[in-house]
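Residue-level listing of the chains:
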Amino acid sequence: MKRGGQKKIYLISDSTGELGERFTNAILSQFPNDDIVLEKFSFVSGIDEVKAIFPRTLKNSVLFHTVLSGELKRAIRKMAGERGVPAFDLTGPPADFVVRHLKATPVWDAHAIHRLDADYNKRINAIEFAIAHDDGAGEATFGKADVILVGPSRSSKTPVSMYLAVKGVRVANIPLIPEIGIPARLAQLKDGGRVFCFLIRPDKLFEIRRKRVPDLGTDAGAYSTLSGIRKELRWVESACRTHRWRTIDVTDRAIEETAVLILKQLS
C-alpha cells in the first residue's frame, strides 16, 4: 500500500535524459512505499521550452535537471525559485567537484555524452551480432562472440545479451534443451572461459514458464511442469560440470546484476 498522495519528480535534460533517468530510478527504488512518478523532458534546448514545462501547480514535486548550458541552468533555477519548487542540478555538483580537486576544465558539450565515435560503432556492431546470434541462431559464427550465454529456456539469456551488447560486448546465446543435446560447435569450443551457464531455481522457472504457456498455443508438456523442469535443470547442471562452464544463478537477479557479474569475471 502506497503512502499519501502521488508525488512527482520532473526531470529536464538537454539530451536524451538517460543519465538522469537512471540516477532518478536508482533513487526511487529506495522508496517502494511512496507513490512517486517520474516525468521526463528530453532535448530541451531553449528558455521557452523550459517555461512550457512548468505546470500551474507543482504541489508534492521536486525537479532534477541535467542541462549543461549555463543559461538554461540559471533559467531553471530562477523559475523553480519563483514557483517554490525544490530543484537539484545533477551535473553541477559532480562537475564542480572534479574542477575543484583535479583542476580540470569542462567543455559543457551536451553531444559529447553520445558521441558518434569508434565506441558507438562498436556498440552498434555488438547489438547486430547479438540479434543475429539470439536463441541459438548463427551457430556457424558464434565462435566470434566475446561471451556465450547458455542455459534453460526463459532464464533471461536474451535480455542479458542485449544489455551487454549495448555495452559493446559481442554476445551469442544458446538454449540448452535435453531433447536436442549440446550443439556440436559449442561442445567442441576450446575457449570455455567465455561460456556462462545460467542456472535458476526450479520453482522460479516454473512460475515464469507457466505465464508463457497460453502464448504457446499448444500443450507445453514437461516444459511447464515442475517435475519436468527439475529434471531439465539437473541435466543443464550436469552439462555445465562436464564442459567446465562458468555458472551464474540468475534466480531473482536483475539483468543488470547478471551482466555486471559477467563483465567482472571477464575482466
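Structure: see above.
Conventions adopted
Residues numbered from 1 in each chain as written. Predicted model: local features only at pLDDT ≥ 70, side-chain atom pairs only at ≥ 80, totals over all residues. Heavy atoms only, no water. Pairing = 2+ DSSP bridges. Helix = DSSP H or I, 4+ residues; strand = E, 2+ residues; numbered from the N terminus. Axes fitted to C-alpha atoms, helices over the stretch in contact; angles between N-to-C directions. Expected span 1.5 Å × (residues − 1). Buried < 20%, exposed > 50% of the residue type's maximum accessible area, 1.4 Å probe, protein only. Arc of directions from axis to C-beta. Salt bridge = Lys/Arg side-chain N within 4 Å of Asp/Glu carboxyl O. 1 Å grid on protein atoms, 1.4 Å probe; cavity = no way out; pocket = protein on both sides within 12 Å on 5 of 7 lines; lining within 4 Å. Points joined across faces, edges and corners; volume = space filled by probe spheres on them. Nonpolar A, V, L, I, M, F, W, Y, C, P; charged D, E, K, R; others polar. Disulfide = S-S within 2.5 Å. Polar contact = N/O pair within 3.5 Å; in protein donor to acceptor, adjacent residues only side chain to side chain. Phe/Tyr/Trp six-rings, centres within 6.5 Å; stacked < 30°, edge-to-face > 60°.

K.L.:
Which residues make up the sheet that holds strand β6 (residues 171-175), and what values go with them?
P.N.:
Within the open sheet, the four strands sit side by side as β6-β5-β7-β8. Their pairing is parallel. Two strands close off the open sheet at either side, each with one partner strand: β6 and β8 (246-249). Across the sheet, the mean angle separating the axes of adjacent strands is 25° when strand polarity is ignored. With five bridges joining them, strand β5 (residues 147-151) and β6 adopt parallel strand pairing. Along β6, the bridge assignment pairs Ile148 with Ala172.

K.L.:
Tell me about helix α9 (residues 226-243), residues and numbers included.
P.N.:
Here α9 spans 26 Å end to end across 18 residues, near enough to the 26 Å set by a 1.5 Å rise per residue. Here α9 has its buried residues at Gly228, Ile229, Glu232, Leu233, Val236, Ala239 and Cys240. Buried residues of α9, seen end-on, are gathered within an arc of 130° and therefore sit on one face of the element. Projecting away from the buried face of α9 at angles above 90 degrees are the exposed residues Ser227, Lys231, Arg234, Arg241 and Thr242. Taken from the residues just after α9, Arg244 is the one with a positive phi, measuring 60°.

K.L.:
Could you give an account of the pattern of salt bridges, with specific residues and numbers?
P.N.:
All told, the structure shown has twelve salt bridges when counted by the stated rule. The salt bridge partner of Asp89 is Lys73, with a shortest N-O separation of 2.6 Å. Note that Asp89 is positioned in strand β4 (residues 87-89) and Lys73 in helix α3 (residues 70-82), a separation of 16 residues in sequence. One salt bridge connects Asp252 with Arg201, and the closest N-O pair in it is separated by 3.8 Å.

K.L.:
Give me the layout of surface pockets: which residues, what numbers.
P.N.:
By volume, the second largest pocket amounts to about 360 Å³. Lining the second largest pocket are 21 residues, and of these Ser153, Arg154, Ser155, Ser156 and Lys157 lie nearest its centre. Elements with a minimum of two residues in the lining of the second largest pocket: α6 (157-166), β6 and α8 (202-216). Taken together, the residues that form the lining of the second largest pocket break down as seven nonpolar, six polar and eight charged.

K.L.:
I'd like a description of the state of the cysteines, backed by residues and values.
P.N.:
Inspection of every chain in the model, using the stated rule, returns one disulfide. Here Cys197 engages in a disulfide with Cys240; their sulfurs sit 2.3 Å apart. Pair noted here: Cys197 is in strand β7 (residues 195-199) and Cys240 is in helix α9, with a separation of 43 residues, a long-range link. Owing to a relative accessible area of 0%, Cys197 belongs among the buried residues under this scheme. Overall, the relative accessible area of 4% leaves Cys240 in the buried class.

K.L.:
Report on the side chain of Ser155, specifying residues and quantitative values.
P.N.:
Note on placement: Ser155 falls in the loop between β5 and α6. Owing to a relative accessible area of 2%, Ser155 belongs among the buried residues under this scheme. At a separation of 2.7 Å, a polar atom in the side chain of Ser155 contacts the main-chain carbonyl oxygen of Pro152.

K.L.:
Outline the packing of aromatic side chains, supporting the account with residue identities and numerical values.
P.N.:
Within the structure shown, the criterion is met by three aromatic pairs. Relative to Phe64, the ring of Phe23 has its centre 6.2 Å away and its plane inclined at 65°; by these criteria the two rings are edge-to-face. You can see Phe23 sitting in helix α1 (residues 18-28) and its partner Phe64 sitting in strand β3 (residues 61-65), a full 41 residues away along the chain. Judged by centre distance (6.3 Å) and plane angle (70°), the rings of Phe64 and Phe88 are edge-to-face. One end of the pair, Phe64, is in strand β3; the other, Phe88, is in strand β4, with 24 residues separating them in the sequence. Residue classification places Phe88 among the partly exposed residues on the basis of a relative accessible area of 43%. Members of the aromatic cluster, each reached through a chain of ring pairs, are Phe23, Phe64 and Phe88.

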